[in-house]
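Structural description and commentary
One letter stands for each residue in the lines below.
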Amino acid sequence: MERNRRTWLLLLTAGTLSLGILFSCAQPQTRTETFSEEDLGLRHETLYDESTTVPAHGETTKKEPGESVRFERSFENSPPLIAHDITGMLPIEEDNICMGCHMPEEAVFSGATPVPTSHLVNLDTGAYLRGKLDGSRFNCMQCHVIQNILTPAVENIFKGEFRDEQGRYRSNLLNILNEGVETE
Ligand code: HEC
Ligand code: HEC
């Protein structure tokens, strides 16, 4: 008799389940809440007209070189943010004012972080350029951006890991570039 009771129980459960499914199919859930296109996305503005849209560029730092505060690197060997005002230093054409303070021989006097050895080497051939900047590094602005104050639309919760505490404020890319690479 125990067996019969179990069968009944099974049938009952199956029946309830299928009834439930039928019911939910017959009664599609009605959503009353609607969203306009302006409500969607992060801009909260119309997507069809850009004429009044102001891009959020933030406020770049106004501190002079020598008086600015360097930020911690975002992650190991990331290009550091330019810590100071760069008004009057751009565009970088024949003259590169940045080099006037950041080349190792100048940095001794300016107190600037000297460009790292990776910038004084041709990374394709590995040749050290005897204190000369490699051409691929001439346009500093291609990789380095200035410190900026703005309210991000989405908070960045990324936290860089540093194997060496010094890496928070200095780079050592050239020393570790071949890490794990075996050469014959
Ligand atoms: C008058 C000298 C001077 C000039 C010109 C100059 N810098 Fe600097 N820079 C400094 C000093 C000094 C610091 C260190 C922070 C401080 O003391 O203000 C610095 C910091 C930096 C940093 C941060 C380094 C770190 O370790 O975090 C970067 C990147 C940088 N400068 C890039 C540039 C670029 C790119 C230009 C050209 C557009 C430039 N600098 C022009 C003096 C200068
Ligand atoms: C092609 C990209 C690129 C260009 C162009 C470039 N940099 Fe860098 N820079 C980096 C990266 C990546 C790092 C960190 C890793 C490393 O050391 O190479 C760095 C590091 C630095 C540092 C930190 C050095 C240290 O020891 O912590 C300074 C200062 C710097 N760059 C200045 C400059 C200046 C000034 C120019 C232009 C003359 C320039 N960079 C051009 C990518 C670039």
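What comes next is a walk through the structure. Being a predicted model, the structure only gives us computed values, none of them experimental. (Residues numbered from 1 in each chain as written. Chains lettered and ligands numbered in written order. Predicted model: local features only at pLDDT ≥ 70, side-chain atom pairs only at ≥ 80, totals over all residues. Heavy atoms only, no water.)

1. Some points on unusual backbone geometry
- Omega for the peptide link from leucine 90 to proline 91 comes to 0 degrees, which places this bond in the cis form.
- Among the secondary structure elements, proline 91 is positioned in the loop between strand S1 (59-60) and helix H2 (97-102).
- At asparagine 77, a residue that is not glycine, the phi angle is positive and equals roughly 60 degrees.
- When you line up the elements, asparagine 77 lands in the loop between S1 and H2. (Helix = DSSP H or I, 4+ residues; strand = E, 2+ residues; numbered from the N terminus.)

2. Regarding the packing of aromatic side chains
- For the coordinates displayed, the defined rule picks out one aromatic pair.
- An angle of 85 degrees between the planes, with centres 6.5 Å apart, marks the rings of phenylalanine 75 and phenylalanine 158 as edge-to-face. One end of the pair, phenylalanine 75, is in the loop between S1 and H2; the other, phenylalanine 158, is in the loop between strand S4 (148-149) and helix H4 (173-176), and 83 residues separate them in sequence.
- Owing to a relative accessible area of 40%, phenylalanine 75 belongs among the partly exposed residues under this scheme. (Phe/Tyr/Trp six-rings, centres within 6.5 Å; stacked < 30°, edge-to-face > 60°. Buried < 20%, exposed > 50% of the residue type's maximum accessible area, 1.4 Å probe, protein only.)

3. What to know about the coordination of the iron atom of ligand 2
- Coordination of the iron atom of ligand 2 by the protein comes from His119 (NE2) and His144 (NE2), over a distance range of 2.0 to 2.1 Å.
- Given six donor atoms and angles of 86 to 180 degrees at the metal, the environment of the iron atom of ligand 2 is assigned as octahedral. Of the two residues, histidine 119 sits in the loop between helix H3 (104-110) and strand S2 (121-122) while histidine 144 sits in the loop between strand S3 (127-128) and S4, which places them 25 residues apart along the sequence.
- In this structure histidine 144 comes out as buried when scored by relative accessible area, which is 17%. (Donors = N, O, S within 2.8 Å, 3.2 Å for Na, K, Ca; no water. Tetrahedral: all angles 85-135°; square planar, octahedral: opposite > 155°, others 65-115°.)

4. Considering the site of ligand 2
- Surveying the vicinity of ligand 2 reveals 25 residues, the closest of which are Ser118, His119, Cys140, Cys143 and His144.
- Here arginine 170 contributes a side-chain N or O atom positioned 2.9 Å from an oxygen atom of ligand 2.
- Between serine 171 and ligand 2, the recorded distance is 2.7 Å, taken from a side-chain N or O atom to an oxygen atom.
- Broken down by class, the residue content of the shell around ligand 2 amounts to eleven nonpolar, eleven polar and three charged. (Near = heavy atom within 4 Å. Polar contact = N/O pair within 3.5 Å; in protein donor to acceptor, adjacent residues only side chain to side chain. Nonpolar A, V, L, I, M, F, W, Y, C, P; charged D, E, K, R; others polar.)

5. Some remarks on the site of ligand 1
- Around ligand 1, the surrounding shell holds 24 residues, and the nearest of these are Ser68, His84, Cys98, Cys101 and His102.
- One of the side-chain N or O atoms of arginine 70 is found 2.6 Å from an oxygen atom in ligand 1.
- The separation between a nitrogen atom of ligand 1 and a polar side-chain atom of histidine 102 is 2.7 Å.
- The greatest single-element share of the shell around ligand 1, amounting to four residues, is contributed by H2.
- Grouping the constituent residues of the shell around ligand 1 by class yields twelve nonpolar, eight polar and four charged.

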